Amino acid sequence: MNTLIIDGKKISQDIKNELREEVDNLKKTGVNPGLAVILVGNNPASKVYVSNKKKACEYIGIRSFSYELPEETTEEELLKLINDLNNNQEVHGILVQLPLPNHINENKVLLSIDPSKDVDCFHPYNVGMISIGELNGFLPCTPAGIIELIKRSNIDIEGKKCVVVGRSNIVGKPVANLLLSHNGTVTICHSRTKNLEEICKEADILVAAIGKANFITENMVKEGAVLIDVGINRLENGKLCGDIDFENCKNKAMAITPVPGGVGPMTIAMLMKNCVKAAIM
Ligand code: GUN
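Because the structure is a prediction, the values reported are computed rather than measured. (Residues numbered from 1 in each chain as written. Predicted model: local features only at pLDDT ≥ 70, side-chain atom pairs only at ≥ 80, totals over all residues. Heavy atoms only, no water.)

Notes on the overall build of the protein chain
- When its secondary structure is counted, the protein chain shows 10 helices and 11 strands.
- Against the compact-globule benchmark of 19 Å for 281 residues, the protein chain has a radius of gyration of 19 Å, which places it among compact chains.
- By principal-axis analysis of the C-alpha atoms, the protein chain measures approximately 50 × 45 × 40 Å.
- Classification of the 281 residues of the protein chain by burial places 47% in the buried group.
- In the protein chain, once contacts between residues fewer than 6 apart in sequence are set aside, the share between residues at least 24 apart is 71%.
- Counting 31 positive and 34 negative side-chain charges, the protein chain places the averaged centre of each group 2 Å from the other. (Helix = DSSP H or I, 4+ residues; strand = E, 2+ residues; numbered from the N terminus. Rg over C-alpha atoms; globule rule 2.2 N^0.38 Å. Buried < 20%, exposed > 50% of the residue type's maximum accessible area, 1.4 Å probe, protein only. Contact = heavy atoms within 4.5 Å. Lys, Arg positive; Asp, Glu negative; His and termini not counted. Charge placed at Lys NZ, Arg CZ, Asp CG, Glu CD.)

Brief notes about the sheet that holds strand E1 (residues 4-5)
- Read across the open sheet, the six strands follow the order E1-E11-E8-E7-E5-E6; overall the sheet is parallel. The sheet is open, and its two edges are formed by E1 and strand E6 (185-189), each paired on a single side.
- Inspection of the sheet shows E1 paired to strand E11 (residues 255-256) by two bridges, in the parallel sense. Across the sheet, the residue bridging to Leu4 is Ala255, located in E11.
- Strands in contact with helix H7 (residues 172-181) are strand E5 (161-165), E6 and strand E7 (205-208); relative to E5, the strand with the most contacts, it is inclined by about 170°. (Pairing = 2+ DSSP bridges. Axes fitted to C-alpha atoms, helices over the stretch in contact; angles between N-to-C directions.)

Here's the deal with the packing of aromatic side chains
- Evaluation of the coordinates by the stated rule reveals zero aromatic pairs.
- One cation-aromatic arrangement involves Arg20 over Tyr59; the distance from NZ or CZ to the ring centre is 4.2 Å. (Phe/Tyr/Trp six-rings, centres within 6.5 Å; stacked < 30°, edge-to-face > 60°. Lys NZ or Arg CZ within 6 Å of the ring centre and 35° of its normal.)

Description of the site of the ligand
- Looking at the ligand, the residues that line it are Lys53, Leu95, Val96, Gln97, Leu98, Asp120 and Phe122.
- With respect to the ligand, the side chain of Gln97 contributes an N or O atom lying 3.3 Å from a nitrogen atom.
- Note that a nitrogen atom of the ligand is positioned 3.0 Å from one of the backbone N or O atoms of Leu98.
- Coverage of the ligand by the protein chains reaches 81% of its 280 Å² of free accessible surface.
- With respect to the pocket detection grid, the ligand is positioned in the largest pocket. (Near = heavy atom within 4 Å. Polar contact = N/O pair within 3.5 Å; in protein donor to acceptor, adjacent residues only side chain to side chain. Areas by Shrake-Rupley, 256 points an atom, 1.4 Å probe, with all protein chains shown as cover. 1 Å grid on protein atoms, 1.4 Å probe; cavity = no way out; pocket = protein on both sides within 12 Å on 5 of 7 lines; lining within 4 Å. Sits in = over half its atoms within 2 Å of the grid points.)

Topic: the layout of surface pockets
- Estimates place the volume of the largest pocket at around 1400 Å³.
- What lines the largest pocket is a set of 47 residues, among which Tyr49, Thr142, Ile232, Gly264 and Thr267 lie closest to the centre.
- Those elements that provide at least two residues to the lining of the largest pocket are helix H1 (8-28), helix H2 (44-60), strand E4 (93-96), helix H6 (141-152), strand E9 (233-234) and helix H10 (264-280).
- The greatest single-element share of the lining of the largest pocket, amounting to six residues, is contributed by H2.
- Of the residues belonging to the lining of the largest pocket, the class tally is 25 nonpolar, 15 polar and seven charged.
- What the second largest pocket holds in volume is close to 360 Å³.
- Along its surface, the second largest pocket is lined by 17 residues, and Leu110, Phe122, Val127, Asn169 and Ile170 are the ones closest to its centre. (Points joined across faces, edges and corners; volume = space filled by probe spheres on them. Nonpolar A, V, L, I, M, F, W, Y, C, P; charged D, E, K, R; others polar.)

What to know about H2
- Taking 1.5 Å per residue as the helical rise, H2 with its 17 residues ought to reach 24 Å, and the 25 Å between its terminal C-alpha atoms agrees with that figure.
- If you follow the buried residues of H2, they end up packed against H1, strand E2 (34-40), strand E3 (63-69), E4 and H10.
- Its side-chain oxygen placed 3.0 Å from the backbone nitrogen of Ala45, Asn43 serves as the N-cap of H2. (Expected span 1.5 Å × (residues − 1).)

So, the pattern of salt bridges
- This structure, assessed with the given rule, holds nine salt bridges.
- Among the salt bridges present, the one from Asp14 reaches Lys10, with a minimum N-O distance of 2.7 Å. Here the residue Asp14 and the residue Lys10 both occupy positions in helix H1, the gap between them amounting to four residues, near one helical turn.
- On the basis of relative accessible area, Asp14 is assigned to the partly exposed category, the value being 28%.
- Among the residues examined, Lys10 registers a relative accessible area of 47% and is labelled partly exposed.
- One continuous salt-bridge network, built from bridges that share partners, spans Glu18, Glu148 and Arg152. (Salt bridge = Lys/Arg side-chain N within 4 Å of Asp/Glu carboxyl O.)

Written out as structure tokens, the structure reads:
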């Protein structure tokens, strides 16, 4: 079978170029989008993500306000900063990089962000809007990136059997909601699911977001399926790999996302889209 390898790097670049033009035009009307990026502590992966988000802002022409706070920052101090940013007219979007240090209550922090500045779409208000099918506000970044990859590859979701493996608040649950809003027939599986193999094997569109290297193997994939891999796992030899065994599954698939270069780059592109939306909402 002639498998389509979905090029997330190219698609995310296309989106960033579209946004760059949009921001250019917005600036001519006096709108100057701004994003506050907050990092607490020294998580090395978070530092890389935050740095990439700031670079994307710079490319598109969004002002970024950076707050890199020490590990010992108290919850009260963080809440105070968010409150100030909520009231700052130059800041349209507020992003708190997760995970936060253990002594800080993550839910309390996410609840404190003004929903109209919640560009990660983590606030229960925005999560609720997605779950009632209201898609005109902020969209959750990685899930929206997945939908965009599918759409820009001319793949129809309507009526398809979609299986999501993973039930996290950041990916599994919101991507299931978005697929449902696009009229997919959605099943969510997770670590306690019985007959996981058989359920996966029925999927027309399979989204793997479990965080286990090469978890989805060829025998779990239907001939002609669309395979979306959200995993980023580091093997002992230092190589990155996804949750889907790419080499063995690719021949069976109609389309598949690689790791790296598939879903990964889409998250930041969709975050940037939310920032632009925040500035004009
Ligand atoms: N940690 C892992 N993924 C994300 C994300 O999309 N946004 C934020 N803020 N933190 C994360």
